[in-house]
Structures are given as structure tokens and as C-alpha cells.
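Remarks on the overall topology
Here is what each chain is made of, one letter per residue.
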Amino acid sequence: MISAQNLEMSFGARTLFAPVSFTVSKGQRVGLVGPNGAGKSTMLRIIAGLMTPTSGKAKVTGGEMAYLKLESDIALDVTLREEMWTAMPEANEARLRIAEVESLMVERPEDAADLATELDRLHDRFRMLGG
């Protein structure tokens, strides 16, 4: 669940938004829309814990939030898919290990039972992390 209570953000004399309160429950899908400069990215940074609001509070409970920056500080030699995985490091680690274990099952059939047990555990972890 994502919730915000009396969230307010100002930069000097310019107020981006004030006061904003909302709750997004598990399973709900919402859109955050507005013109450029309205504070959409700032709101998401606050919810992700990357910025502190002028007043109010926001929190994520019962899960975690990943935030992929809009700014172009990404490496130009990296694919969009690779960049996306940087926002979900634990899921990415599980995904990479799944690929390793699958290769090992082909290379070492004598260890297939143990590797299958690990693979099952990894798939469960990957799903739990939203992969």
C-alpha cells in the first residue's frame, strides 16, 4: 500500500503541490498525470524515500517501491532492459542465478536433483520480488 498524508512540496516561494493525501491499496492501478513541472516526478521521489517533503509524510507498506530516474544519467552502452533491472537489484540477482543454475543442470546432470531444489527456491523468490 502507498499512502500520503498532507504531503506538501515547495521550492522557495514556488509550491508544487499542497496538501495532497491519498491511499493506493494493493491491486489498485493509478495514473499520475499533469503538465511538465507540476511535480509528478518529485511526488514519486518522495514516495520512494529519495526526497523529503516540505511537510506531510508518505510511506509504502506491505511491499517495496523501485524508482527509475527520468534523467539521462544512464550508461549509453546499456540496453533499456538492463537499465530496468537496476531498479530491482534483488529480483535481478535471482534472475541471473536462475540462468546460472539452468546452465549447471545441463553441464552437471549428476547434480540435477540439488540444482532443481535450488531452482525451485529461486523461482519462488523471484516471483515474491515481483519478477
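Before reading on, note that the structure itself is shown above.
All values derive from a computational prediction rather than experimental measurement. (Residues numbered from 1 in each chain as written. Predicted model: local features only at pLDDT ≥ 70, side-chain atom pairs only at ≥ 80, totals over all residues. Heavy atoms only, no water.)

Taken as a whole and assessed by the stated rule, the structure comprises six salt bridges. Between Arg97 and Glu100 there is a salt bridge whose closest N-O contact spans 2.8 Å. With Arg97 and Glu100 both in helix α3 (residues 89-107), this residue pair falls three residues apart, about one helical turn. Of the residues examined, Arg97 reaches a relative accessible area of 25% and is grouped as partly exposed. Owing to a relative accessible area of 45%, Glu100 belongs among the partly exposed residues under this scheme. Here Asp124 makes a salt bridge to Arg127, at a shortest N to O gap of 2.6 Å. Highlighted residues: Asp124 and Arg127, both in helix α4 (residues 112-128), separated by three residues, approximately one helical turn. (Salt bridge = Lys/Arg side-chain N within 4 Å of Asp/Glu carboxyl O. Helix = DSSP H or I, 4+ residues; strand = E, 2+ residues; numbered from the N terminus. Buried < 20%, exposed > 50% of the residue type's maximum accessible area, 1.4 Å probe, protein only.)

What follows is about helix α1 (residues 40-47). Inspection of α1 places Thr42, Met43, Arg45, Ile46 and Ile47 among the buried residues, and these make up the whole buried set. Buried residues along α1 sit against β1 (2-11), β2 (14-24) and β3 (55-60). (Contact = heavy atoms within 4.5 Å.)

A positive phi angle, near 50°, is found at Asn6, a position not held by glycine. Following the sequence through the fold, Asn6 ends up in strand β1. A relative accessible area of 48% means that Asn6 is categorised as partly exposed.

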